[in-house]
Amino acid sequence: MPLQFLGEEAASEYLKDRGIEVAPGTLAKYRCVGGGPAFRKFGRKPLYEPPALDDWVDKRLSEPKRSSSDHEGACGRRREATGGEAA
């Protein structure tokens, strides 16, 4: 199967079609500071492969939860084991 490459806008749309909204500008920021999906460059143009986008999303998603109290508070912050205060 031939490789498929997506530009920044198309990569953003690919993620959005899967329920993950990441703006093209956010992808650009991640390329500079790190933490984003793997990419390649063709000249100056960044290109993303769909499997790399899927891997990035999989690594960032939590395990399924039945309650917001499973390991994290409702706001996504860990609670202290003794005092119950948000960290």
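The structure displayed is predicted, hence computed values, not measured ones. (Residues numbered from 1 in each chain as written. Predicted model: local features only at pLDDT ≥ 70, side-chain atom pairs only at ≥ 80, totals over all residues. Heavy atoms only, no water.)

This part takes up the packing of aromatic side chains. Both the distance between ring centres and the angle between the ring planes are used here to describe each pair of aromatic rings. Enumeration over the complete set of coordinates arrives at two aromatic pairs. When the ring of Tyr30 is compared with that of Trp56, the centres are 5.8 Å apart and the planes differ by 65°; the resulting orientation is edge-to-face. Here Tyr30 is found in helix α2 (residues 24-33), whereas its partner Trp56 is found in helix α3 (residues 50-60), with 26 residues between them in sequence. Ring centres 6.1 Å apart and planes at 50° place the aromatic pair Phe39 and Tyr48 in the tilted group. Here Tyr48 falls in the buried class, since its relative accessible area comes to 0%. When the ring centre of Tyr14 is taken as reference, the NZ or CZ atom of Arg18 above it lies at 3.5 Å. (Phe/Tyr/Trp six-rings, centres within 6.5 Å; stacked < 30°, edge-to-face > 60°. Helix = DSSP H or I, 4+ residues; strand = E, 2+ residues; numbered from the N terminus. Buried < 20%, exposed > 50% of the residue type's maximum accessible area, 1.4 Å probe, protein only. Lys NZ or Arg CZ within 6 Å of the ring centre and 35° of its normal.)

We now examine the nonpolar core. By size, the foremost hydrophobic cluster in this structure holds ten residues: Leu6, Ala11, Tyr14, Leu15, Val22, Leu27, Tyr48, Leu53, Trp56 and Val57. Of all the secondary-structure elements, those providing two or more residues to this core are α1 (8-17) and α3. With residues up to four places along the chain from it excluded, the contact list for Ala11 reads Leu6, Leu27, Tyr48 and Leu53. (Core = buried A, V, L, I, M, F, W, Y, C linked by side-chain atoms within 4.5 Å. Contact = heavy atoms within 4.5 Å.)

Another aspect to go through is the side chain of Ser12. Position of Ser12 relative to the elements: it lies in helix α1. Within the structure, the side chain of Ser12 is placed 2.6 Å from the backbone oxygen of Val22, a separation counted as a polar contact. What Ser12 contacts, discounting residues up to four positions off in sequence, is Val22, Ala23, Pro24 and Leu27. (Polar contact = N/O pair within 3.5 Å; in protein donor to acceptor, adjacent residues only side chain to side chain.)

What follows covers the packing of α1 against α3. Relative orientation of the contacting elements α1 and α3 amounts to 50°, with a least axis distance of 11 Å. In this view, α1 runs oblique relative to α3, as classed from their interaxial angle. Read as a crossing pair, α1 and α3 show a hand that is right-handed. Residue-level inspection shows Ala11, Tyr14 and Leu15 of α1 in contact with α3, the latter providing Pro50, Leu53, Asp54, Trp56 and Val57. Partitioned by chemical class, the residues of the contact of α1 with α3 number seven nonpolar, no polar and one charged. (Axes fitted to C-alpha atoms, helices over the stretch in contact; angles between N-to-C directions. Parallel < 35°, antiparallel > 145°, perpendicular 65-115°, else oblique. Left-handed = near helix turned anticlockwise from the far one by under 90°. Nonpolar A, V, L, I, M, F, W, Y, C, P; charged D, E, K, R; others polar.)

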